[in-house]
Amino acid sequence: MKKMPFTTLLIVALLIGVITLLVFSNQKRSLLKFMQEADTIQYKCSVSRASIPNKTLLENNEQVRKFLGDFKLVSKEACKCAHMDMLIFHKGKESLMVSICDHCFDIIVTPAQNGQHSVVEHYKMPDKLYQRFKAFQVDWESQQQNADNNSTNF
Ligand SMILES: [Zn+2]
């Protein structure tokens, strides 16, 4: 076998690099597209607070788009922080889980199954988006408390 010239190797390496980059930016784009086209967003608290069941936070695509605003996926390193809040984007029968905190937006690309760990992509949580989320959460929790108070007054 003839030895491959250095330039050929360089071109092959470059091509692999470009393809990897394209695959990643393509996945990012399709993840964002999925979220923007979602019909509903469900909120889930991963710590059991008995009075707070899973809740549909946003009920239609118009609300979802307003909520996301000009949100863009900006990659970051994984943190070791503990998350309590999960957003589940639903579009038709498909769904996408995102674990969030005030600075993380971690998309669970493949949920854990058959003893395999989940595959997670780590993105930055923009301040504006987190503030919108908190506003919904506070609003909903106060509604929930009112409902609880009413139900104890028989
Ligand atoms: Zn975090």
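Details of the structure are given in the entry above.
Residues numbered from 1 in each chain as written. Predicted model: local features only at pLDDT ≥ 70, side-chain atom pairs only at ≥ 80, totals over all residues.

With respect to the overall build of the protein chain
So the rule is basically this: Numbering of helices and strands runs from the N terminus, with a helix taken as a DSSP run of H or I at least four residues long and a strand as a DSSP run of E at least two residues long. Here the C-beta atoms are placed from the backbone, and a residue counts as buried if at least 20 other C-beta atoms lie within 10 Å of its own, exposed if 12 or fewer do, and partly exposed otherwise.
Secondary structure summary: the protein chain contains 3 helices and 6 strands in total. When the elements of the protein chain are put in sequence order from the N terminus, they spell out α-β-β-α-β-β-β-β-α. Scored against the burial criterion, the 154 residues of the protein chain give a buried share of 10%.

A look at unusual backbone geometry
The phi torsion at Asn 114 lies on the positive side, around 50 degrees, for a residue other than glycine. Mapped onto the fold, Asn 114 is located in the loop between strand 5 (104-110) and strand 6 (119-124). In this structure Asn 114 comes out as exposed when scored by C-beta crowding, with 4 C-beta atoms within 10 Å.

Some points on the sheet that holds strand 6
Which entries qualify depends on this criterion: Any two strands are treated as partners once DSSP identifies two or more bridges connecting them. Axis lines are fitted through C-alpha atoms, for helices just across the contact stretch, and the angle between N-to-C directions can take any value from 0 to 180 degrees.
One open sheet holds the 6 strands; their spatial order is 2-1-3-4-5-6, and the pairing between them is antiparallel. The open sheet has two edge strands with one neighbour each: strand 2 (55-58) and strand 6. The mean angle between the axes of side-by-side strands here comes to 30 degrees, regardless of whether they run parallel or antiparallel.

Describing the pairing of strand 5
As paired elements, strand 4 (residues 94-100) and strand 5 share 4 bridges and run antiparallel to each other. Looking across to strand 5, one finds that Val 98 is bridged to Ile 107. Judged from the 6 bridges that link them, strand 5 and strand 6 form a sheet pairing that is antiparallel. Bridge pairing links Phe 105 to Tyr 123 in strand 6.

A look at the pairing of strand 3 (residues 85-91)
Alignment of strand 1 (residues 40-45) against strand 3, held across 6 bridges, turns out to be antiparallel. Bridging across to strand 3, Lys 44 finds its partner in Met 86. Taken together, the 7 bridges between strand 3 and strand 4 define a ladder with antiparallel strand orientation. Across the sheet, Lys 91 pairs through a bridge with Glu 94, a residue of strand 4. A loop of 2 residues connects strand 3 with strand 4, the two strands running antiparallel in sequence, and Gly 92 in this loop sits at a positive phi of about 55 degrees.

Brief notes about the nonpolar core
Counted only if it meets this: By our criterion, buried Ala, Val, Leu, Ile, Met, Phe, Trp, Tyr and Cys residues that link up through C-beta atoms within 7 Å make up a nonpolar core. Here, residues touch in the contact sense if the C-beta positions derived from the backbone fall within 7 Å of one another.
Counting 14 residues, the largest nonpolar core has Ala 38, Ile 41, Leu 87, Phe 89 and Val 98 as its most contacted members. Those elements that place two or more of their residues in this core are strand 1, strand 2, strand 3, strand 4 and strand 5. Each residue touching Val 98, except ones within four places of it in the same chain, is listed here: Met 86, Leu 87, Phe 89, Phe 105, Asp 106, Ile 107 and Ile 108.

Quick look at the environment of Cys 104
Locating Cys 104 in the fold gives a position in strand 5. As a C-alpha pair, Cys 104 and Pro 126 span 22 residues in sequence and 8.4 Å in three-dimensional space. Among all residues touching Cys 104, those that are not within four sequence positions of it are Cys 79, Cys 81, His 83, His 122 and Met 125.

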